[in-house]
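Analysis of the macromolecular model
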Amino acid sequence: MTTPLLRRDLPTPALLIDRAALERNIAAMAAFAEAQGVALRPHAKTHKSGEIARRQIVAGAAGICCAKLGEAEALAADGVANIHLTSPVVTPAAIGRLAALDRRIALSVVVDHPDNARALGAVEGLTVFIDLDPGSHRTGVTSAEAAVALARAIAATGTLKLGGVQYYCGSHQHIQSLAERRAAIVERTEYLREVLGALADAGFAIPVVTGGGTGTFAIDASLGVFTELQVGSYIFLDREYLDCELAGPSFEPALFVDATVVSANTPGMVTIDAGLKAFATDAGVPVVLDGAPEGTRYAFTGDEHGALLGDGLPELGARVTLMPPHCDPTVNLYDLYHVLDGDMVTGSWPVTARGRST
């Protein structure tokens, strides 16, 4: 986009970034990590954007994380040269792609099974991280003994480099009470210390402990075990995280969806053009921020439509701004971000890795 246009002239539904808020969020997290003496490796599954990843790296991040190999391939093609894959890569075809990517960029990947370590051993010099299960049983080895056995399998390949350990307490990120979240993370961190101690006793040096998230990064940094933080949603601050008591620096909402009132025939209700295809649905409903009275409620009514419920509702053709409940899967519904400077749309950024689920 070369000619700025007014926000109100955008077709809807439109995914919007407030550039100034985004840049303040990026700078605040970078400053926090530097002050704490930990590395920052933001998780790109949140934004899936080469443009945003490059901005995070310019601000001081060591690199980024990707959840899937396809995301990493897309972002590498867009100029991101240091990527950690936070999910295992196990099939022969995918390992072949991993090897090709490893020849192009600084790459690391998690492993949580000796068979996978042996298969990855075909990629000469690949850096791998032992993935530890914090109790959610999604991925990761499930005991200190299993971590040591896996480290031995990695060493036995003679080709892989043990880069460290990954530990992500995903189910803890949205515990709303800060005190309860801290207590849970303190307990889980004690387990992490036990695993690291067992690895050290077995003769394995662990140079990097990577993990954490937007809900726990300040707690993680204060406990002194993590050397690298994998925060993601802080750049946008969706409704889920606004519902939590967060510690550390303050962040602000930077991601929005604009919609238009397309029907207004029923008292106490109008219909907007943003429904199931405009918002992720796993975390409840979006929040109405602007264009309707305070207290206006949203309800999903179909693929293309949503309802605004309340009094004094906007008229036909009016614009409404909403906050996504969960930013990561909402972003994956769009091809691009519209970039706002005030009320002007001054650019558009592709959602580079949209749909890269393999």
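For the structure itself, look to the data block above.
Residues numbered from 1 in each chain as written. Predicted model: local features only at pLDDT ≥ 70, side-chain atom pairs only at ≥ 80, totals over all residues. Heavy atoms only, no water.

1. Things to note about helix α7 (residues 178–201)
Applied cut-off: Secondary structure is summarised from DSSP: a helix means a run of H or I of at least four residues, a strand means a run of E of at least two, and numbering begins at the N terminus for each. Working rule for helices: expected span equals 1.5 Å times residues minus one. Each residue is assigned to one of three classes by its accessible area relative to the maximum for its type, calculated with a 1.4 Å probe on protein chains only: buried under 20%, partly exposed between the two thresholds, exposed over 50%. Residues count as neighbours in contact if any of their non-hydrogen atoms are within 4.5 Å of one another.
End to end, α7 covers 34 Å across 24 residues, agreeing with the expected 34 Å (1.5 Å per residue, within 8%). Every buried residue of α7 is listed here: Arg181, Ala184, Ile185, Arg188, Thr189, Tyr191, Leu192, Val195, Leu196 and Leu199. Along its buried surface, α7 packs onto β7 (127–132), α6 (144–157), β8 (161–167), β9 (208–211) and α8 (217–223). Note on α7: the residue one or two positions beyond its end, Gly203, has a positive phi of about 95°.

2. Topic: the pairing of β7
Defined as follows: When DSSP finds at least two bridges between two strands, those strands are taken to pair. The handedness rule is simple: strands pointing away from the viewer, and a clockwise path from the first strand over the helix to the second, make the crossover right-handed.
The element β7 is largely enclosed, with a buried count of six among its six residues. Across the two faces of β7 the burial is the same, with Thr127, Phe129 and Asp131 and Val128, Ile130 and Leu132 all buried. Relative to β7, strand β6 (residues 106–111) runs parallel, the two being bridged by four bridges. Of the residues in β7, the one forming a bridge with Ser108 is Thr127. Each parallel crossover has a hand, and the one from β6 via helix α5 (residues 114–120) to β7 is right-handed. Alignment of β7 against β8, held across six bridges, turns out to be parallel. Counted as the bridge partner of Val128 is Leu162 from β8. The β-α-β motif built from β7, the intervening α6 and the parallel element β8 has right-handed crossover chirality.

3. Digging into unusual backbone geometry
Backbone torsion omega between Thr12 and Pro13 reads 0°, so that peptide bond is classified as cis. Within the fold, Pro13 resides in the loop between β1 (5–6) and β2 (14–18). The phi angle at His137 is positive, at roughly 65°, despite the residue not being glycine. With respect to the helices and strands, His137 occurs in the loop between β7 and α6. By relative accessible area, which is 62% here, His137 ends up exposed.

4. Focus on the nonpolar core
Put simply, the rule reads: Nonpolar cores are built from buried Ala, Val, Leu, Ile, Met, Phe, Trp, Tyr and Cys residues. Side-chain atoms within 4.5 Å join them into one set.
In this structure, Ile83, Ile130, Leu199, Phe236 and Tyr337 are the most contacted members of the largest nonpolar core, which totals 101 residues. One finds Leu10, Ala14, Leu16 and Phe256 within the second-largest nonpolar core, a separate group that totals six residues.

5. A closer look at the state of the cysteines
The cut-off we apply is this: For this text, the term disulfide refers to a pair of cysteine sulfurs within 2.5 Å.
Counting across every chain of the model gives zero disulfides. Residue Cys66 stays outside any disulfide, its sulfur separated by 7.7 Å from that of Cys65, the closest cysteine. Cys244 takes part in no disulfide bond, and the closest cysteine sulfur to it belongs to Cys327, at a distance of 12 Å. Judged by its relative accessible area of 9%, Cys244 is buried.

6. Remarks on the pattern of salt bridges
Cut-off, in case you're wondering: By definition, a salt bridge exists where a carboxyl oxygen of Asp or Glu is found within 4 Å of a side-chain nitrogen of Lys or Arg.
One pass over the full model with this rule turns up 17 salt bridges. One salt bridge connects Asp341 with Arg19, and the closest N-O pair in it is separated by 3.1 Å. Here the residue Asp341 occupies a position in strand β17 (residues 336–341), and Arg19 occupies one in helix α1 (residues 19–36), the gap between them amounting to 322 residues. Look at Arg19 and you get buried, because its relative accessible area is 19%. By sharing partners, the salt bridges in this structure join Glu23, Glu51, Arg54, Arg55 and Asp78 into a single network.

7. Description of the packing of α1 against helix α2 (residues 50–58)
If you want to describe how two helices pack, look at the angle between their axes and the distance between the axes. For clarity, the cut-off: Under this scheme, a helix contributes an axis fitted over its contacting stretch, all axes are lines through C-alpha atoms, and angles between N-to-C directions fall in the 0 to 180 degree range. Every angle not falling under 35 degrees, over 145, or within 65 to 115 is termed oblique; those three ranges are roughly parallel, roughly antiparallel and roughly perpendicular. A crossing counts as left-handed when the near helix is turned anticlockwise from the far one by less than a right angle, and as right-handed when that turn is clockwise.
At a minimum axis separation of 10 Å, α1 and α2 run at an interaxial angle of 40°. By the criterion of interaxial angle, the relationship of α1 to α2 is oblique. Handedness of the α1/α2 crossing: right-handed. Contacts between α1 and α2 involve Arg19, Leu22, Glu23 and Ile26 from the former and Ile52, Arg55 and Gln56 from the latter.

8. Section: the environment of Leu10
Mapped onto the elements of the fold, Leu10 is located in the loop between β1 and β2. Residue classification places Leu10 among the buried positions, given a relative accessible area of 4%. Considering only alpha carbons, one finds Leu10 and Val345, 335 residues apart in sequence, at a separation of 8.3 Å. When near neighbours in sequence (up to four residues on either side) are disregarded, Leu10 contacts Leu5, Leu16, Arg319, His338 and Val345.

Scope: geometric values only; no functional claims are made or implied.
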